[in-house]
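So the chains spell out like this:
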Amino acid sequence: MNRNILKPVALLALLAASGTAGAQTVLSVSTWLPPAHGATMAQNQWCEAVEKETKGSVKCNLLPKAVSAPPGTFDAVRDGLADVSYTVDGYTPGRFIFTQVAEFPFLGDSSTATSVAYQRIYDKYFAPLGEHRGVKTLAVFTHGPGIIFTVKQPVTSAADAAKLKFRIGGGNINELSKLMGWNTTLKPATDSFELLSTGVMDGTFFPDESLQSMRLGMVKYATTFPGGLYNTSFVFMMNKAKYDGLKPEERAAIDKVSGEYAARLFAAGWDRTDAASRDIQKTTGVQRQMANEAFVNDVKAKQAQLEDRWVAAAEGRGLKNARAVLAEFRAETQKLK
């Protein structure tokens, strides 16, 4: 037999025996937001960090199309249709309780402040109680301060808002809207262009960046609130079996770039695109106004009822002294301003 044939065959056998052949793990990564959206880009940055920390033994395959509509993303990752993705907790009403604390009004004026504070509270209180059981939670975060955007007329009071129809993303703002007597419909962010361009809805509740990422050039008015009218809670997650199947050093590398590290990635992307959108709104003529004291007080009065409900629901799921946890969360956001 030709000795030149034997040498590569022997080398392949040696590589296989040493575990170096075929050792790379590829994570399928899904996003339902546009490729240039800050959240998609943050997820891609996380993938780059994972590949660097694992020295290439774990890398990502960025899927060309989302494996599920936004409301089904949590279950899609849990069931292994994708290995990594993120979703909005409020897209499945009533499923998650603790996460609602990050959706309350008047928390902070940036995604970074609310996201980092939320991640710290989540790690300390919520993660041990298994709110996102079924997946490996990589991070939690929020978008920037929630704003009322409208097409044909400004909203200067709670009564103005009650005359209009709005798309909302769910969570605390859904319950708050009901108490305020507003006409809202729960729809994913990706439906906003069609709803507003056809006149089915008069406006939407969104952070600033969404005017660009969702192509909402028809919006002409914005009503802002100190600390935001609401926030939206997101979970960034990985299929648990995929995570558990990694080598210990690979899991340690992923943990290193998850938690607060990943929360800051997503938050920075949101703050950057929020700021860019505000600059664009100046050139496109969007009329912005801050809600007056009477409007803010109307919201605070209704929100107080929701916070009482949240405390009872959270304690019913095992969270001790939920009101103190809420106070700690608010204090943490103030420190991060």
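Whatever comes next refers back to the structure up there.
Residues numbered from 1 in each chain as written. Predicted model: local features only at pLDDT ≥ 70, side-chain atom pairs only at ≥ 80, totals over all residues. Heavy atoms only, no water.

(A) Focus on the nonpolar core. Among the nonpolar cores identified, the biggest contains 45 residues, and Leu27, Trp46, Val84, Tyr86, Phe236, Met238 and Ile254 are the most heavily contacted of them. For this core, the element with the most residues is helix α2 (residues 38-53), which contributes 6 residues. Among residues more than four places away in sequence, those in contact with methionine 238 are Leu27, Val77, Asp83, Val84, Val135, Lys136, Leu138, Tyr243, Leu246 and Ile254. (Core = buried A, V, L, I, M, F, W, Y, C linked by side-chain atoms within 4.5 Å. Buried < 20%, exposed > 50% of the residue type's maximum accessible area, 1.4 Å probe, protein only. Helix = DSSP H or I, 4+ residues; strand = E, 2+ residues; numbered from the N terminus. Contact = heavy atoms within 4.5 Å.)

(B) Layout of the state of the cysteines. Summed over all chains, the structure comprises 1 disulfide. There is a disulfide in this structure between cysteine 47 and cysteine 60, and the S-S distance comes to 2.3 Å. For the disulfide bridge between cysteine 47 and cysteine 60, the dihedral angle about the S-S bond is near -90°, and by the sign convention the bridge is left-handed. Note that cysteine 47 is positioned in helix α2 and cysteine 60 in strand β2 (residues 58-62), a separation of 13 residues in sequence. Of the two residues examined, cysteine 47 and cysteine 60, each falls in the buried class. (Disulfide = S-S within 2.5 Å.)

(C) Examining the sheet that holds strand β8 (residues 203-206) more closely. Taken together, 6 strands build an open sheet; the order of strands is β7-β6-β8-β5-β9-β11 and the sheet is mixed. What marks the edges here is a single partner per strand, and that holds for β7 (183-186) and β11 (287-290). Strand-to-strand, the axes of this sheet are offset by a mean angle of 25°, without reference to chain direction. Where strand β5 (residues 147-150) lies against strand β9 (residues 221-224), 3 bridges are found, and the strand directions are antiparallel. What sits directly across from threonine 150, in β9, is tyrosine 221. Sitting on the sheet, helix α6 (residues 172-180) is in contact with β6 (165-168), β7 and β8, with an inclination near 160° to β6. (Pairing = 2+ DSSP bridges. Axes fitted to C-alpha atoms, helices over the stretch in contact; angles between N-to-C directions.)

(D) The packing of α6 against helix α12 (residues 293-316), seen in detail. Packing of α6 against α12 brings their axes to within 10 Å, and their N-to-C directions diverge by 125°. With respect to α12, the element α6 is oriented oblique. Crossing handedness for the pair α6 and α12: right-handed. Where α6 abuts α12, its residues Asn172, Glu175, Leu176, Leu179 and Met180 lie against Asp298, Val299, Lys302, Gln303, Gln305, Leu306 and Arg309. Residue composition of the contact of α6 with α12, grouped by class: 5 nonpolar, 3 polar and 4 charged. (Parallel < 35°, antiparallel > 145°, perpendicular 65-115°, else oblique. Left-handed = near helix turned anticlockwise from the far one by under 90°. Nonpolar A, V, L, I, M, F, W, Y, C, P; charged D, E, K, R; others polar.)

(E) Looking closely at the side chain of aspartate 89. By the secondary structure assignment, aspartate 89 is in the loop between β3 (84-88) and α4 (111-126). For the buried aspartate 89, which has no salt bridge, the nearest side chain bearing the opposite charge is arginine 95, at an N-O separation of 8.2 Å. In terms of polar contacts, aspartate 89 uses its side chain to reach the side chain of serine 233, at 2.5 Å. Excluding residues within four positions of it along the chain, aspartate 89 makes contact with Phe96, Thr99, Tyr118, His132, Ser233, Phe234 and Val235. (Lys, Arg positive; Asp, Glu negative; His and termini not counted. Salt bridge = Lys/Arg side-chain N within 4 Å of Asp/Glu carboxyl O. Polar contact = N/O pair within 3.5 Å; in protein donor to acceptor, adjacent residues only side chain to side chain.)

(F) Representation of the packing of aromatic side chains. Counted according to the given criterion, the structure contains 20 aromatic pairs. On the numbers, 6.4 Å between centres and 45° between planes, the contact of phenylalanine 141 with tryptophan 270 is tilted. Here phenylalanine 141 is found in strand β4 (residues 135-142), whereas its partner tryptophan 270 is found in helix α11 (residues 260-284), with 129 residues between them in sequence. Take phenylalanine 141 and tryptophan 270: they sit in the same class, and that class is buried. An aromatic cluster of three or more residues is present, and its members are Trp32, Trp46, Tyr86, Tyr91, Phe141, Phe234, Phe236, Phe266 and Trp270. The ring centre of phenylalanine 206 lies 4.3 Å from the NZ or CZ of arginine 167, which sits over that ring. Its end group placed over the ring of phenylalanine 106, lysine 300 keeps NZ or CZ at 5.7 Å from the ring centre. (Phe/Tyr/Trp six-rings, centres within 6.5 Å; stacked < 30°, edge-to-face > 60°. Lys NZ or Arg CZ within 6 Å of the ring centre and 35° of its normal.)

(G) Just α12, in detail. The first and last C-alpha atoms of α12 sit 34 Å apart over 24 residues, in line with the 34 Å expected at 1.5 Å per residue. Phe295, Val296, Val299, Gln303, Leu306, Glu307, Trp310, Val311 and Ala314 are the residues of α12 that are buried. At its buried positions, α12 is contacted by α4, β5, α5 (158-162), α6, β9 and α13 (322-335). Backbone geometry just downstream of α12 places glycine 318 in the positive-phi region, at approximately 105°. (Expected span 1.5 Å × (residues − 1).)

(H) Expanded view of α11. With 25 residues, α11 extends 35 Å between its outermost C-alpha atoms, agreeing within 8% with the 36 Å of an ideal straight helix rising 1.5 Å per residue. Downstream of α11 by one or two residues, glycine 285 has phi in the positive range, about 85°.

(I) Layout of the pattern of salt bridges. Per the counting criterion, the structure on display carries 19 salt bridges. In this structure, the salt-bridge partner of aspartate 208 is arginine 288, at a minimum N-O distance of 2.7 Å. Of this pair, aspartate 208 sits in the loop between β8 and α8 (210-213) while arginine 288 sits in strand β11, and the two are 80 residues apart along the sequence. With relative accessibility at 3%, the residue aspartate 208 sits in the buried group. Two residues, aspartate 279 and lysine 282, come together in a salt bridge whose shortest N-O distance is 4.0 Å. Taken together, the residues aspartate 279 and lysine 282, both in helix α11 and 3 residues apart, mark about one turn of the helix. Overall, the relative accessible area of 47% leaves aspartate 279 in the partly exposed class. In this structure, a network of salt bridges that share partners links the residues Arg120, Glu260, Arg264, Glu332 and Lys335.

Treat this as a map of the structure, not an account of what it does.
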